[in-house]
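Examination of the molecular architecture
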Amino acid sequence: MAGKVKVLLVGAAFSADLHMDAYARCRDVAEVVAICDKDASRISALAQRYGLAGYEAFDDFGRAIDAVDCDLVDICLPNFLHHDVALAAFAKGRHVISEKPLATTTGDGERMVAAARAAGRHLYYAEDWLFAPALNKALALVEEGAIGKPLYVRARECHSGSHSPFTQTVRYCGGGSMIHLGIHPIGFMLSLKKNRWTELVAMTSGGGAANLVHRTMEGEDWAGCMMRFEDGTTALLESNYVTSGGMEDVIDLYGTEGCLHLDLTFSSAIQCYSIPGLAYSVEKAEITTGWSKPAVDEKFNLGYVSEIRYFMECCAAGVDARVGLRGEDGLEALRVVDLIYRSAREGVAIRNDRL
Ligand SMILES: NC(=O)c1ccc[n+]([C@@H]2O[C@H](COP(=O)([O-])OP(=O)(O)OC[C@H]3O[C@@H](n4cnc5c(N)ncnc54)[C@H](O)[C@@H]3O)[C@@H](O)[C@H]2O)c1
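Attention in this report is confined to the structure presented alongside it. (Residues numbered from 1 in each chain as written. Predicted model: local features only at pLDDT ≥ 70, side-chain atom pairs only at ≥ 80, totals over all residues. Heavy atoms only, no water.)

A short note on the packing of aromatic side chains
Enumeration according to the criterion identifies 8 aromatic pairs in this entry. Measuring from ring centre to ring centre gives 5.6 Å for Y152 and Y254, while their planes differ by 20°; the resulting arrangement is stacked. One end of the pair, Y152, is in strand β7 (residues 150–158); the other, Y254, is in strand β11 (residues 248–255), with 102 residues separating them in the sequence. Judged by relative accessible area, Y254 falls into the partly exposed class, the value being 23%. (Phe/Tyr/Trp six-rings, centres within 6.5 Å; stacked < 30°, edge-to-face > 60°. Helix = DSSP H or I, 4+ residues; strand = E, 2+ residues; numbered from the N terminus. Buried < 20%, exposed > 50% of the residue type's maximum accessible area, 1.4 Å probe, protein only.)

The structure is reproduced here in C-alpha cells:
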C-alpha cells in the first residue's frame, strides 16, 4: 500500500478517544479521513480535541462505509454493532479493527471471521493488554527465566460499573462483566498459551436481582473462571463491577523460582495529595481528592498507542496480526466467554473439544 493508511473511525466517544489519541501519535503512518457517530456533537468534539481537520463526518455507518475512500474501518461502537459494521466494511473491501469483544455472540463472531476471509481482508482484534509495556516487560522476564518454569497466572479487570448504557442489557453487550472486562485477561491468557486451553470452570453472580450490587443490570456484576492449559499451567481470571477506587488491571505470575506482580493502572511514579482534587487521576476513579496516583500516560501504559501503530503497520504491509490480535483470536475469546457462562449456569467443568 502506498502512502498512509486511510481510516474511517466509527464511533466518537470513549474508546474512539483512546484510538484517536493513538492516531494523533502515528500521523506518519495513518490518517483519519472520516468519523461516524449518530451524535454529531461527539464527532466535532473528538476532532477538536486532537486537532483533526479536513475530515468527513457521518451519522450513519452504512452511508459512511459506502461513501468514504479508506483502507480500514475502525469500529468503536457498542458491542452488538461490531458485526453489522464489519460485514458492511468487508463487503466494500476494507480491512477492519474491532474493539473488544469481537461481537455479542459466537455466531456473529464466526460470520465476521468468515466475511474477512471471503473478502480477502484482515480483521484485527483490538486487545490492548497485549501492548501494555509493563506486561511485555514481565513476559520478557519470564522468557529469560526470572521466575523459573511458569506455573500459574492470576489476572483481573474490575471497576465500579461501565459509563455506557449498552452494557446494561445482554442483547447489546453480550453478557455482563466477564464479556466486557474479563475479556482482557482471557485474551491475554489465550494469546500467551496460543489458544491451547484444555478445561475451564466458572461461577458468576448470575445477573439482575442475583447481582451483588448492580441489580438492574441484566448481565452479571461478578465472575470468576479457572482455566487449565495444555502445558499444565493454570489461571484464575476475574472480572467485576463491584470495585471502587478506579479500574484495577492486575496480573500476578507465579513460577517455580519466583513471581511477578503487575498493576497496570495504579503504578504511577507520582503520588499526589490534593485537597481540591485533580481534574483526572485514573480511569473510573470516583474521587480525586486526598492521596491519589495520577496516571502519567494512561493510554500508552494500557497499550492503545502501540496497538494502533501495530495495526497500521500490518495494514500497510497487507499482513494479518500476530496470535492474540487476529479476528479468530477475538472469536476464541468470545467462545471462552460463552463457555464460562455455560459452566456457571450449569455448574459444570467444560473441556475444550476443539484441541
Ligand atoms: N479496549 C478497551 O479497553 C475498551 C475500553 C472501552 C470500550 N471498549 C469497547 O469499545 C466499544 C465502544 O465502547 P465505548 O465505551 O466507546 O462506548 P460509548 O458509549 O462511550 O460510545 C459509543 C458511541 O457509539 C455511538 N453509536 C451508538 N450507536 C450508533 C450507531 N448505530 N451509529 C453510529 N454511532 C452509534 C454513540 O453515539 C456513542 O458515541 C465497545 O465495544 C467497548 O467494549 C474498549
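A closer look at the packing of helix α1 (residues 14–24) against helix α10 (residues 304–317)
One can describe the packing of α1 onto α10 by two numbers: an axis separation of 8 Å at closest approach and a directional angle of 65°. Classified by the interaxial angle, the pair formed by α1 and α10 is roughly perpendicular. Crossing of α1 over α10 shows right-handed handedness. In contact with L18, H19, D21, A22 and Y23 of α1, α10 contributes Y304, V305, E307, I308 and M312. In terms of residue class, the contact of α1 with α10 is made up of 7 nonpolar, 1 polar and 2 charged. (Axes fitted to C-alpha atoms, helices over the stretch in contact; angles between N-to-C directions. Parallel < 35°, antiparallel > 145°, perpendicular 65-115°, else oblique. Left-handed = near helix turned anticlockwise from the far one by under 90°. Contact = heavy atoms within 4.5 Å. Nonpolar A, V, L, I, M, F, W, Y, C, P; charged D, E, K, R; others polar.)

Focus: the sheet that holds strand β5 (residues 95–99)
Judged by pairing direction, the sheet is parallel, and its 6 strands sit side by side in the order β3-β2-β1-β4-β5-β6 without closing on themselves. A single partner strand is all that each edge strand has here, and the edge strands are β3 (56–58) and β6 (123–126). In this sheet, neighbouring strand axes are inclined to one another by 25° on average, regardless of whether the strands run parallel or antiparallel. Pairing of strand β1 (residues 5–10) with strand β2 (residues 30–36) involves 6 bridges; the strand directions are parallel. Opposite L9, over in β2, you have I35 as the bridge partner. (Pairing = 2+ DSSP bridges.)

Overview of the site of the ligand
Lining the immediate environment of the ligand, one finds 22 residues, of which D37, R42, N79, K100 and Y304 sit closest. Taking K100, its main chain carries an N or O atom lying 2.7 Å from an oxygen atom of the ligand. The fraction of the free accessible surface of the ligand (840 Å²) that becomes covered by protein chains is 89%. Elements supplying a minimum of two residues to the shell around the ligand: α1 and α8 (177–192). In the shell around the ligand, the residues fall into 9 nonpolar, 7 polar and 6 charged. If you count residues domain by domain, the shell around the ligand takes at least three from each of domain 1 (5–129) and domain 2 (130–303 + 334–351). (Near = heavy atom within 4 Å. Polar contact = N/O pair within 3.5 Å; in protein donor to acceptor, adjacent residues only side chain to side chain. Areas by Shrake-Rupley, 256 points an atom, 1.4 Å probe, with all protein chains shown as cover. Domains from an automatic or database assignment.)

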